[in-house]
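Summary of structural features
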Amino acid sequence: MKIYAHRGSSGTHPENTVAAFKEAASLQIHGVEFDVHMTKDEELVVVHDESINRTSNGQGFVKDMTLKELKEYDFGEWFTADFKGEKIPTLREVLYIFKDTHHHINIELKSDVFPYEGMEQKVIQMLGEYRLEDRVVISSFNHEMVQQVKKLAPHIETAILFMEVMIAPHEYAEIVGADALHAFFPTVLRPMGKEAVASGKQVRVFTVNDEQYADVLKEIGVHAIFTDFPKKMYNYLKK
Ligand code: G3P
Ligand code: CA
């Protein structure tokens with residue numbers, strides 16, 4: 001069972017920051033996951049929420065601010081004082097960190113609330129520039145975006161994200177054009193989990209910080225877990 005650092009190494013560093021990604025990049029884990037939003041001036045930035053209220057010393061929606069405005073805020077100090085000075089990273093800055101590492105890169109397009117027109121094309125174009133198309137999976141809870149990515153770039157791996165138990169998720173994934181299933185962990189503890197694994201599609205499960213749950217998921221045969229504590233989980237699972 002593979003391990004992905006969720007929002008970077010977000011249990012030990014402020015989520016979705018360069019510090020969290022450098023820590024993830026230094027680990028012998030399989031992959032990294034992070035979230036992308038679009039600014040007012042159509043720059044792609046890596047941050048989880050629609051607003052910057054929770055993870056910075058600023059306030060407001062990402063979509064209403066330019067990149068220059070966003071870069072003025074601190075995205076580290078809310079976690080601990082040691083990380084004061086962390087800025088919001090652009091997608092380009094994060095891809096740069098992983099461009100020469102072995103890690104599989106999961107880019108989550110965060111358009112669950114606000115629509116970001118043209119975001120899919122921008123992400124695809126950047127992946128082409130970095131020649132990373134073969135080393136990424138693009139996922140979203142917004143399945144229209146997943147479908148659009150697959151239409152624009154059939155060679156790029158895609159995944160649907162989902163929170164609820166679904167009937168035949170692998171069949172639904174085929175309709176969307178998704179190659180993989182990224183599931184909230186309780187859903188795969190139901191019969192659906194075995195069915196999804198048996199379908200042959202990659203099944204990756206979020207967010208698993210508890211080692212006992214990791215053991216259960218390994219038993220079911222899921223292919224990967226996203227965790228906030230990748231180093232700890234790696235050391236536990238390699239035992
Ligand atoms: O991509 C897996 C997981 O990150 C989805 O949920 O809210 O942590 O982005 P969330
Ligand atoms: Ca995410």
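Further up the page is the structure itself.
Residues numbered from 1 in each chain as written. Chains lettered and ligands numbered in written order. Predicted model: local features only at pLDDT ≥ 70, side-chain atom pairs only at ≥ 80, totals over all residues.

**Looking at the environment of G85**
Inclusion rule: Each helix corresponds to a stretch of at least 4 residues labelled H or I by DSSP, and each strand to a stretch of at least 2 residues labelled E; elements are numbered beginning at the N terminus.
Within the secondary structure layout, G85 lies in the loop between helix 2 (67–70) and helix 3 (91–98). Considering only alpha carbons, one finds G85 and E72, 13 residues apart in sequence, at a separation of 9.8 Å.

**Re the environment of F185**
Keep this limit in mind: We call two residues in contact if the C-beta atoms placed from their backbones are at most 7 Å apart.
By secondary structure assignment, the location of F185 is in the loop between strand 7 (180–184) and helix 7 (191–198). Those residues in contact with F185 that sit more than four places away from it in its chain are V205, F206, V208, Y213 and L217.

**Remarks on the site of ligand 1**
The following threshold applies: Nearness is defined per residue: the C-beta atom, placed using the backbone, must lie within 6 Å of the molecule or strand. Amino acid classes used here: Ala, Val, Leu, Ile, Met, Phe, Trp, Tyr, Cys and Pro are nonpolar; Asp, Glu, Lys and Arg are charged; the rest, including Gly, are polar.
Around ligand 1, a shell composed of H6, E33, D35, H48, E108, S139, L161, H182, F206, T207 and F226 is seen. Residue composition of the shell around ligand 1, by class: 3 nonpolar, 5 polar and 3 charged.

**Some points on unusual backbone geometry**
Using the following cut-off: Three classes are used. A residue is buried when 20 or more other C-beta atoms lie within 10 Å of its own, exposed when 12 or fewer do, and partly exposed in between, with C-beta atoms placed from the backbone.
Residue T207 follows F206 across a cis peptide bond; omega there is -25 degrees. You can see T207 is positioned in the loop between strand 8 (202–206) and helix 8 (211–220). Not every positive phi belongs to a glycine, and E42 is a case in point at roughly 60 degrees. When the 14 C-beta atoms within 10 Å are taken as the criterion, E42 is described as partly exposed. Although it is not a glycine, R131 sits at a positive phi angle of roughly 55 degrees. The topology assignment puts R131 in the loop between helix 4 (119–129) and strand 5 (136–140). Exposure remark for R131: the 9 C-beta atoms within 10 Å place this residue in the exposed category.

**Section: the packing of helix 1 (residues 18–25) against helix 3**
Where we set the bar: Axis geometry follows a simple rule: fit a line to the C-alpha atoms, using only the stretch in contact for helices, then measure angles between N-to-C directions, giving values from 0 to 180 degrees. Oblique is the label for any angle not covered by the other classes, which are roughly parallel (under 35 degrees), roughly antiparallel (over 145) and roughly perpendicular (65 to 115). Here is the rule for handedness: rotate from the far helix to the near one, and if that takes an anticlockwise turn smaller than a right angle the crossing is left-handed, while a clockwise turn gives right-handed.
Helix 3 packs onto helix 1 with a crossing angle of 20 degrees between their chain directions and a minimal axis gap of 10 Å. Accordingly, the angle class assigned to the pair helix 1 and helix 3 is roughly parallel. The handedness of the crossing between helix 1 and helix 3 is right-handed. On helix 3, the residues touching V18, F21, K22 and A25 of helix 1 are E93, V94, I97 and F98. Among the residues forming the contact of helix 1 with helix 3, the class breakdown is 6 nonpolar, no polar and 2 charged.

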